[in-house]
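Here is how the chains run, residue by residue.
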Amino acid sequence: QVQLVESGGGLVQPGGSLTLSCAASGSIFSVNAVGWYRQAPGNQRELVASIPPTGRTNYADSVKGRFTISRDNNKNTVYLQLNSLKSEDTAVYYCEEELMTTPHTTSQTFWGQGIQVTVSS
C-alpha cells in the first residue's frame, strides 16, 4: 500500500514562510502527477498547485508568485514553498499523487492525511 505523509505545517505570522513536505512510501512504480490542495473551514477543497505528467507546474491564481511546488524523485517527496503568507491561506493542506504501484496497474490517486497551516498575528 502507499502512504503519503505531510509535514512542515504550523502557525506563522502574515508575511512569513513555510515549507510543506509530502513523503511517499510503499509500493511505487511510477508517479504520474502530484499536487497540493487546501480546505478552509466551510469551503470546498481547492487545488493550490500541481505538477502534471507534462512537468509544467500549475498554480491557483490566489497563490501565483507566492507558492512554489517542486518534487524530488529520488526521495519520493513533493514540496510546497509558501511565501508572503496571508490570513486567507489558513487551511488544512493535503498532498495528492497519481501513481502506479506496478507496471501492470492503472494509475491510482492517493491522499495525505492533511496538515494545518495557520496564518495569524
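Read on for a plain summary of the structure. Throughout, residues of each chain are indexed from 1 in the direction in which the sequence is written. Note on the predicted model: pLDDT of at least 70 is required for a residue's local features to be given, and 80 or more for side-chain atom pairs to be given and counted; whole-chain, interface and lining totals, by contrast, use all residues. Just so you know, side-chain values use all the structure's heavy atoms and leave hydrogens and water out.

**Notes on the overall build of the protein**
- Helix and strand labels come from DSSP, where a helix needs a run of H or I of at least four residues and a strand needs a run of E of at least two; each type is numbered from the N terminus. Of regular secondary structure, the protein possesses 0 helices and 11 strands.
- Starting at the N terminus and ending at the C terminus, the protein contains elements arranged as β-β-β-β-β-β-β-β-β-β-β.
- At 14 Å, the protein has a C-alpha radius of gyration in line with the 14 Å of a compact globule built from 121 residues.
- Counting only C-alpha atoms, the protein reaches 50 × 25 × 25 Å along its principal axes.
- The buried label goes to any residue with under 20% of its type's maximum accessible area, the exposed label to any with over 50%, and the partly exposed label to all in between, with areas taken from a 1.4 Å probe on protein chains only. Evaluated residue by residue, the protein yields a buried proportion of 37% over its 121 residues.
- Note on contacts: a residue pair is in contact if any heavy atoms of the two residues lie within 4.5 Å. In the protein, once contacts between residues fewer than 6 apart in sequence are set aside, the share between residues at least 24 apart is 56%.
- Accessible area for the protein stands at about 6500 Å²; split by element, carbon and sulfur atoms hold 47% of it.
- Charge counting treats Lys and Arg as positive and Asp and Glu as negative, with His and both chain ends excluded. For this purpose, a charge sits on NZ of Lys, CZ of Arg, CG of Asp or CD of Glu. On the protein, the mean spot of the 8 positive side-chain charges and the mean spot of the 9 negative ones are 5 Å from each other. We compute the radius of gyration from the C-alpha atoms alone; for a globule the expected value is 2.2 Å times N to the 0.38, where N is the number of residues. Computed with the Shrake-Rupley method and a 1.4 Å probe, the accessible areas treat only the protein chains shown as cover for residues.

**A look at the pairing of strand β9 (residues 91-100)**
- With 8 of its 10 residues buried, β9 lies for the most part within the structure.
- Strand pairing is defined by DSSP finding a minimum of two bridges between the two strands. Here strand β4 (residues 30-39) pairs with β9 via 9 bridges, running antiparallel. Following the sheet pairing, Val31 is matched in β9 by Leu99.
- The pairing of β9 with strand β11 (residues 115-119) spans 3 bridges and is antiparallel. What sits directly across from Val92, in β11, is Gln116.

**What about the pattern of salt bridges?**
- Any Lys or Arg side-chain nitrogen located within 4 Å of an Asp or Glu carboxyl oxygen qualifies as a salt bridge. Under the defined criterion, the tally for this structure stands at 4 salt bridges.
- With its nearest N and O atoms 2.7 Å apart, the salt bridge here joins Glu46 to Arg38.
- In this structure, Asp89 engages Arg38 in a salt bridge whose closest nitrogen and oxygen atoms are separated by 2.9 Å. Of the two residues, Asp89 is situated in the loop between β8 (77-82) and β9 and Arg38 in strand β4; the sequence distance between them amounts to 51 residues.
- Classification of Asp89 by relative accessible area gives buried; the value is 1%.

**Details of the state of the cysteines**
- For the purposes of this analysis, a disulfide is any pair of cysteine sulfur atoms at a distance within 2.5 Å. Counting across every chain of the model gives 1 disulfide.
- Each sulfur of the disulfide joining Cys22 and Cys95 lies 2.1 Å from the other. Judged by the torsion about the S-S bond (55°), the Cys22/Cys95 disulfide is right-handed. Residue Cys22 is located in strand β3 (residues 18-26), and its partner Cys95 is located in strand β9; the two are separated by 73 residues in the primary sequence.

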